[in-house]
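An overview of the molecular structure
The chain contents come next:
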Amino acid sequence: MRLVKCWFCSSTVYPGHGIQFVRNDAKIFRFCRSKCHKNFKMKRNPRKVKWTKAYRAAHGKDMTQDKTFEFEKKRNRPERYDRNVTENTLNAMKKIDKIRNQREAKYIIDRLMPNKKKVFKDAANELDTHIHLVRAPESLQQDAEKIKVDVSKNKSVQNEAMEE
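Residues numbered from 1 in each chain as written. Predicted model: local features only at pLDDT ≥ 70, side-chain atom pairs only at ≥ 80, totals over all residues. Heavy atoms only, no water.

So the rule is basically this: UniProt positions are given in the numbering used here, feature names are shortened, and annotations may be inferred rather than shown by experiment.
Per an unreviewed UniProt entry, the chain carries the name TRASH domain-containing protein and comes from Thlaspi arvense. The heading Subcellular location (unreviewed entry) in the UniProt record of the chain holds the text "Nucleus". Under Sequence similarities (unreviewed entry), UniProt gives the following word-for-word description of the chain: "Belongs to the eukaryotic ribosomal protein eL24 family."

1. What about the pattern of salt bridges?
What counts here: Salt bridge criterion: a side-chain nitrogen from Lys or Arg within 4 Å of a carboxyl oxygen from Asp or Glu. Secondary structure elements are taken from DSSP: a helix is a run of H or I of four residues or more, a strand is a run of E of two residues or more, and numbering for both begins at the N terminus.
Taken as a whole and judged by the stated rule, the model has 3 salt bridges. In this structure, the salt-bridge partner of K106 is D110, at a minimum N-O distance of 3.0 Å. In this pair, K106 and D110 both sit in helix 3 (residues 83-129), 4 residues apart, roughly one turn of the helix.

2. Here we look at the side chain of N39
To keep things clear, this is the line we draw: Relative accessible area decides the class of each residue, using a 1.4 Å probe on protein chains only: under 20% of the type maximum gives buried, over 50% gives exposed, and in between gives partly exposed. Throughout, a contact is declared for two residues whenever any of their heavy atoms are within 4.5 Å.
Mapped onto the fold, N39 is located in helix 1 (residues 34-41). In this structure N39 comes out as buried when scored by relative accessible area, which is 6%. Non-local contacts of N39, meaning those with residues more than four positions away in its chain, are made with F8, R44 and W51.

If you want it as structure tokens, here you go:
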């Protein structure tokens, strides 16, 4: 089973899926869905369309260089079938996928970290400039005296009658 990449968006095209376009010079273009095929026919550049992998790689949104991507490279040398090798390969694929997901998550967190600091700084600045909207005007005055009300410890006759 040969899995190929979509020429436009770089997603995986499984056997029996997608569209194949053959140009006059015998160059084959494979597309995962009609959306990619239509964009290709409109002569759009995948590096300028925001939802493609080419755009995300060109603008620093996704990882572009990592050792785990070397496992996806196409190899034209046929391998002899061996049950143990196949089993080990399938186990390795699971581990590699797990490692790649962890690295992508860390990359995204690292990429978003500077913006979090900026958002926090902007929020603190906004709070400092508009503190009067958050606090009551009386609490802003530090030298304002608080009114104390003396409460008598003795119970009046009326209160005793009400309690009974």
